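If you want the building blocks of each chain, they are given just below.
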2 protein chains.
Amino acid sequence: MSSRFDELSAFVEVARRHSFVGAARQLDKHVSAVSRAVATLEARLGVRLLQRTTRSVALTEAGRDYFQRGEALLAEFDGAEAAVRDLGASLRGTLRVSAASGSGVIQIAGLVPEFLAAHPHLQLDLQLGNRYVDLIEEGYDLAIRVGALADSRLIARKLAPNRRVLVASPAWLERHGRPRTPAALQRHACLVLDIGTHPQRWQLVRRGAEEHVDARGPLRSNNVLALLAACRGDAGIALLPEFAVAADLRAGRLRRVLAGWATPEHGVYAVYPSARFVPAKVRAFIDFIAQRLRAPTVDA
Amino acid sequence: MSSRFDELSAFVEVARRHSFVGAARQLDKHVSAVSRAVATLEARLGVRLLQRTTRSVALTEAGRDYFQRGEALLAEFDGAEAAVRDLGASLRGTLRVSAASGSGVIQIAGLVPEFLAAHPHLQLDLQLGNRYVDLIEEGYDLAIRVGALADSRLIARKLAPNRRVLVASPAWLERHGRPRTPAALQRHACLVLDIGTHPQRWQLVRRGAEEHVDARGPLRSNNVLALLAACRGDAGIALLPEFAVAADLRAGRLRRVLAGWATPEHGVYAVYPSARFVPAKVRAFIDFIAQRLRAPTVDA
DNA sequence: CATATTGTTGCGCTATTCGCAAAGATCATT
DNA sequence: AATGATCTTTGCGAATAGCGCAACAATATG
C-alpha cells in the first residue's frame, strides 16, 4: 500500500462503505494496511478526513470534500488506463504509415480501402515521400520499404518477395526487336527508375550468373507510375518491380524482356519500432497486407 | 517508486521533457527508477507509450493520449490535495457548533458576529438544543458544554471558569429582605433552572463549607434567559451562571445574594473530536471564545 | 575515431510494508 | 450489569519490494 494513489483508493473505499474492514475486503488488503494508509494520508494532508470510532466511521467536512474529488479522480484514472489499454488492444485511433512514393509500393494504396472498410474505427495517415523519415522521431507506426533496412532499432517483417523485371510494350518490341543478352540492353532505350544509389546501374541475375548494365535512355524518373505509363506508351525498356507490372503483363499491355533475368530478390518489408508492444492496429495492417500480397494480385 | 501513481508521474515527467535523466532530476529519483516505472506501466497497460532511443524519446499515439489525460489528472490530484489541505489549514468552510440551548451558553452567541466578521470565509452553523448530540456521528466540529463530559472519545478544553451564583433584583430584596444563610433560602421564592439531574437541589459551597438547599418557588424553566428576565422582574432569587448575570450585576439591575456562597466550579468547556488533527477553524473559534470569556464580559 | 551522454538491466542491500496478534473501545444481548 | 462480539489502532518480526550502484549497449558530438 501507501503511495498517494493507494492512500486515496483506501480512503475512498472506506468513506464509501463507512467501514475499514469492508474496505479492506473490497481492496483485498488487510485491515491494518487500510488503517495505516488513511492515517498516513491524513498526516500528509494535516487534516482529519474520517472521524472514527470502533463502531462508526463518519466523514469530516474536509473528508467529504476530498471524497467527492477523490472518487471522481479514481474513476478518471481508471478511465484513462482503460482508454489507453483499449487503444493498444483494439483497432482504433490513427495508423501512421510511411512509404516511399514512386517506389511502386503505392500499389499498396489500392488495398487500403478494403482494410479501412474492415476497421471502421481506424484512420489511416499514409505519408508518401522519398525523403528519409525517422519512424521513431516522427511518430510513424510503420513504414513500407523495399530492400535492406538501415535502422537497427527497427523491426522488419517481410511482406512479399520482390524483384524487378524488364518489360516493354508489344509495339516497342515489334519496332526495335528483342535484346538477347543483358549487354544488348546498352543499345536500347532504357527507362530508369531513379531510386537509391546508382539507379542507372542495373544488376541482373539468372541462375547464379550476374551481369551489370549501364542503363541509358530517354527517361529517368523517381516515380514508378510515370515509368509505367511511358513504357505502355512505347518509350522503351523499363526495369520495374514485379508486382507493379503484374497487371499489365496479364492484360498483355506489356511483355517481359530477357525473361530469365531479374534483379536480386530484395523483398517488400513492413518496418516498425519496438517489438515489445506492437499495437493491434499495426499488427492487423501488416497481416492484412502480407496476406494480400501473397495472394494473386488483383487487377486494377 | 512504483504504484500506479508514481508510474504515472514518472511517465508524465518523461513525456514532458522527452528525457529520462531530466525527469529523474526533476522527480529526485534515480534514472533507473524512472526507467523501471515507465516500463512497468507499459507492461501493465500492454501498450508502448514512449518510443525511446538512447538519444531521443518520442511519444506513441497511445502515449500522447495517456500523457494528455495523465497530466490533467495529476493536476487535479494536486488540486484536490491542496484544497483539502487548505480546508484544514485555512479559515474556510462551515463550522458546526452544538450548544445546549437555555443553559446560558447561548450568551456565546453574542460573541459570534465579531468572530464571523474576522473570518469572512467562514460560515457558522450553530445548533442549539437540549437533546444529546453525538458530535462524531452527526458531524459537529465542536460543542460548548458546561460541566463534566461523558464521551471519552472527545477532547475537552476549558474555556472559562463557571459557577452559579445567587441573584435577585434590588426591588425584590427591598421587599423581602436578604437571606443570611443558605437554609434561609427555603423560605424565599426560588427561580429554578431545570437542567441536569436534581435541578431543585442547590449545592452551595463557601470556603470548604457545603450546604444543600431544596429550592422551591414560583418559576421553573430550562432556559436561562427566561429566569433572568423573571429575576429582573422581581420574581425571586435565581441560581444562575456567573457569566450570564455579569452584565446585570454591573448595571445594578441585579444584586448578588449570599455573596460568599456559590455552586462548585464546573467550567465551560469546548468539546471536540480527535486531538490529532484539529482544523484551523475549530482552533480559531475556541481560542477566540476562550479569550473573550477571560476578558471582562462586554455589556449587552 | 575517441569521448561523453543516455536508457536499460542485473545485483546486493536497505527500508518499507505487510500480516499477525493484542489492546482499547463500543454496541448488543442475555 | 455483565458478557461477548465487532471494529479500529498499534507494536513487532518477517518478507517483500524498491533503491542505488555499476556495467552495458547504443548513439551523437568533437
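Only a predicted model underlies this, so the values are computations on that prediction, with no experimental measurement involved. Numbering of residues starts from 1 in every chain and runs along the sequence as written. Each chain takes a letter, starting from A, and each ligand takes a number, starting from 1, following the order in which they are written. In keeping with the model being predicted, local features are shown solely for residues with a pLDDT of at least 70 and side-chain atom pairs are shown and tallied solely at 80 or more, while totals for entire chains, interfaces and linings include all residues. The side-chain numbers reported here are obtained from all heavy atoms of the structure, hydrogens and water having been left aside.

Would you mind going over the sheet that holds strand β5 (residues 142–146) of chain A with me for this structure?
Sheet strands associate in pairs through backbone hydrogen bonding, adopting either a parallel or an antiparallel arrangement. All names here are of chain A. Paired strands, in this sense, are two strands between which DSSP finds at least two bridges. The numbering of helices and of strands both runs from the N terminus, where a helix is a DSSP run of H or I of at least 4 residues and a strand a run of E of at least 2. Strands sit in the order β4-β3-β5-β14-β6 across an open sheet of 5 strands; the sheet is mixed. Strand pairing shows two members of the sheet lacking a second neighbour, β4 (122–128) and β6 (154–160), which therefore form its edges. Along the sheet, successive strands turn relative to each other by an average axial angle of 25°, direction set aside. Taken together, the 4 bridges between β5 and strand β14 (residues 268–273) define a ladder with antiparallel strand orientation. Residue pairing for β14: V146 is matched across the bridge by V268. The contact criterion used throughout is that any non-hydrogen atoms of two residues lie within 4.5 Å. The angle between two axes is taken between their N-to-C directions and runs from 0 to 180 degrees, where each axis is a line fitted to C-alpha atoms and a helix contributes only its stretch in contact. This element, helix α10 (residues 280–294), spans β3 (93–99), β4, β5, β6 and β14 of the sheet and lies at about 30° to β6.

Sorry, what's going on with the pattern of salt bridges here?
Where side chains of opposite charge bring their charged atoms close, a pairing between them can arise. Only one rule defines a salt bridge in this text: a Lys or Arg side-chain nitrogen within 4 Å of an Asp or Glu carboxyl oxygen. A complete count under the given rule lists 44 salt bridges over all chains for this structure. Here E13 of chain A makes a salt bridge to R16 of chain A, at a shortest N to O gap of 3.2 Å. With E13 of chain A and R16 of chain A both in helix α1 (residues 3–17), this residue pair falls 3 residues apart, about one helical turn. The exposure class assigned to E13 of chain A is buried, which follows from its relative accessible area of 8%. Three exposure classes are used, based on accessible area relative to the maximum for each residue type with a 1.4 Å probe and protein chains only: buried under 20%, partly exposed in between, and exposed over 50%. Residue classification places R16 of chain A among the partly exposed residues on the basis of a relative accessible area of 42%. The shortest N-O distance in the salt bridge between E42 of chain A and R52 of chain A comes to 2.8 Å. Here R52 of chain A lies in strand β1 (residues 50–52) and E42 of chain A lies in helix α3 (residues 31–45), a separation of 10 residues in the sequence. Residue classification places R52 of chain A among the partly exposed positions, given a relative accessible area of 24%. Through salt bridges with shared partners, a single network forms among R4, E7 and R44 of chain A together with D78, E81 and R85 of chain B.

Can you help me understand the relation of the copies chain B and chain A in this one?
One copy of the chain maps onto the other through a rotation about an axis followed by a shift along the same axis. Copies are brought into register by a least-squares superposition over C-alpha atoms of residues with pLDDT of at least 70 in both. Once chain B has been moved 0.1 Å along the axis and rotated by 178°, it coincides with chain A to within an RMSD of 0.6 Å. Here the two chains are linked by the operation of a two-fold rotation axis. No C-alpha of chain B approaches the rotation axis more nearly than that of F5 of chain B, which lies at 2.6 Å. Interface overlap between copies is the fraction of interface residues in one copy that are interface residues in the other; for chain B against chain A it reaches 100%, indicating a shared surface.

Purely geometric numbers; function is a separate question.
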